[in-house]
Amino acid sequence: MSLYSSLLSSEQFQCSICLDIFNNPSSTPCGHSFCVACINRFWDGAKVCQCPLCKKTFQKRPDLQINRTLREITEQFRSMSGSGTGEGSLAREKKAVKGRECAMPNALLDELTRKLPRPHASATATSEEQGGEHITGTPVAAASMASSVPEQSPLSAATGDGGPPRALARSSVASGRRRFTVSGAASSQNLPLCDVHHRGITIFCRTDGECICPDCEAEAHFDHDTVTAEAAWTEKQAQLKETEQQTREMIQQRLLKIEEIRTSLSELELVVERATTGSVCMFSALMAALERAQAELIDAMEANRRAVEIQADAMIRQLELEVEELRRRESVLAQLSASDDHLHGIKNSATISTPLPAKDWSGVSVTYDLGISAIYRSLAGEVEKFQEQLRGITETGFTASSPETSLARPQPRMRRVQEYAADVTLDCNTAHPRLVLTDDMKSVRCSDRHQLLPDNTERFDRVVCVLGREAISSGRHYWEVQVGGKTDWDLGVAKQSINRKGKIEVTPNNGYWFLSLRDKNKYAFRTEPSTDVHLNLRPNKIGIFVDFDRGQVSFYNVDAKIHIYTFNDTFTECIFPFFSPCTNKSGKNDGPLVITTVDTSE
């Protein structure tokens, strides 16, 4: 056996599927190598992926990659053996190798035999452990062959090429192994190969903006602006660092803008709160002035009407007395004139014919003055003040220091009703069994279970509500109830004779007058049909004012000092404060209704 055949054999580079030298070899997880196209065709359509040699089954089809080291060694073998990619038969490969062996001069063989080192047993064993059936010992053999071909060897001169000889370059030695590329020594990182020339891509063409190999540069890019890939990457790194710095600056600018926007949102919330408070106070003051003027007008006109009525009644009574006296005198005169007794007629005629001391009513008339001019003038002043406030707000907006924006200053209308504060407590005898009352009878909430309570006639058995202990039969009364945190509640008054058993229709016709909250933001008055109320500010405390004589039930937002709504009806019997915390809705509406002390201080 010749020296050449003992070093490299075509069987080591043969694909067991196509029986030809490897074309883009790829190794399976079991260690065997095949042409990547051959093994993919072998597995296409197969239900189970198996190695064609050892029959090892893979649960998942392996993602095969080209074995670049084996491909480089195969290319080295193909170039030395002179076999092209088109020669596919093993017989022709062996014949070509044998021909080259015979043609090789004996002197050259002796020199190669003397210079080539023999493979060590450890290297051979290692290669057998790591290689498959077709690449066993290949790295060591390839290294030995590459070492035997120096740059100025006679073999390179015998190639017959017109250009400079293309020698196999050696790479650095690591763990007894050497890697080779057809473009020269390779670094620790694998260089990608050109698909056309199979040389390492080490050049960057600035003109076309692509990476190429030296052969591509000589053939297609000879007049282009080219640099080494390393130099191009150094330039690109500088550009990337500059772009990175610009990106950091852009990120910083945007973070600052985010903070600025968030600050603006916080300021907007303060502005909205200030404007809402100011507008609520301003309009509440106007509404209070209007309500106060309306009430004063009604009172003044009613007082003047009664005074005129009294004056007119006195005049009418006096006239009626005179008319009665005149009619009596008329009757006497008629009788006297019809009498036949001459002496009697003459004797009494002198007395009757005397004129009566009657009052001259020709210049008398009923005059009246409603006395409302002063009220209208006061109201005009309030409206003018409101207009001035509007003009100021149009020009400068609401300011934090503006006295009109303070909610702490009670409105006149609110102070007026708070003067009728009443001490209201809950009547435990009317409470639904699920309601829990505090010992001071000032707070009520709904529990999950019914309590064992006597079923007396006063107690509600279906609607979770309770009445106040104090009956209202005349006058004016006011109390406040804390409702903050609850999602549902009912507050108002109910007459004494209401039905307290079974299902109840809570309407004014059935003796109920109250305001309701449902689902945390739906306010309504229980009328027929229900009257929806839209509140811009959610009340935390509700004030209830009752004017029994006028038949009025009014509701107020205590914190904002705003009048919400007023019922007008006629009370024909005693009424009682009405409270319903509604069901607790699995803890969502578990908060209590609390009767609080009315604060009448400034």
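All figures in this text were calculated on a predicted structure; none of them were measured in a lab. (Residues numbered from 1 in each chain as written. Predicted model: local features only at pLDDT ≥ 70, side-chain atom pairs only at ≥ 80, totals over all residues. Heavy atoms only, no water.)

Engineer: Explain the overall build of the protein chain to me, and be specific about the residues and the numbers.
Structural biologist: Tallying secondary structure elements over the protein chain gives 13 helices and 20 strands in all. Classification of the 602 residues of the protein chain by burial places 35% in the buried group. Counted over contacts in the protein chain with a minimum sequence separation of 6, partners at least 24 positions apart contribute 61%. Put simply, the protein chain shows about 36300 Å² of open surface, and 53% of that area lies on carbon and sulfur atoms. (Helix = DSSP H or I, 4+ residues; strand = E, 2+ residues; numbered from the N terminus. Buried < 20%, exposed > 50% of the residue type's maximum accessible area, 1.4 Å probe, protein only. Contact = heavy atoms within 4.5 Å. Areas by Shrake-Rupley, 256 points an atom, 1.4 Å probe, with all protein chains shown as cover.)

Engineer: Now, about the environment of N304: what can you tell me, with residues and values included?
Structural biologist: Positionally, N304 belongs in helix α10 (residues 229-337). For the pair N304 and I372, spaced 68 residues apart in the sequence, the C-alpha separation amounts to 9.7 Å.

Engineer: With reference to specific residues and values, describe the sheet that holds strand β6 (residues 210-212).
Structural biologist: With antiparallel pairing, 3 strands are arranged side by side in an open sheet as β6-β5-β7. On the outer flanks of this sheet lie β6 and β7 (226-228), each paired with one strand and no other. On average, adjacent strands in this sheet sit at an angle of 35° to one another, irrespective of strand direction. Direction of pairing for strand β5 (residues 203-205) relative to β7: antiparallel, over a ladder of 3 bridges. By the bridge assignment, C205 is partnered in β7 with T226. Strands in contact with α10 are β5 and β7; relative to β7, the strand with the most contacts, it is inclined by about 90°. (Pairing = 2+ DSSP bridges. Axes fitted to C-alpha atoms, helices over the stretch in contact; angles between N-to-C directions.)

Engineer: I'd love a proper account of the sheet that holds strand β14 (residues 522-525), names of residues and values included.
Structural biologist: On the basis of which strands lie adjacent, the open sheet formed by 6 strands has the order β10-β19-β12-β13-β14-β15 and antiparallel pairing. In this open sheet, the two strands that pair with only one neighbour each are β10 (466-467) and β15 (531-533). Examined bridge by bridge, strand β12 (residues 489-495) and strand β19 (residues 575-580) share 6 bridges and lie antiparallel to one another. Bridge pairing in β19 links G492 to F578.

Engineer: Give a description of the environment of N429 that names residues and reports values.
Structural biologist: Within the secondary structure layout, N429 lies in the loop between α13 (412-418) and β8 (435-437). Distance in space between the C-alpha atoms of N429 and P454 is 8.7 Å, their sequence separation being 25 residues. Setting aside residues up to four positions removed in sequence, N429 forms contacts with N456, E458 and R459.

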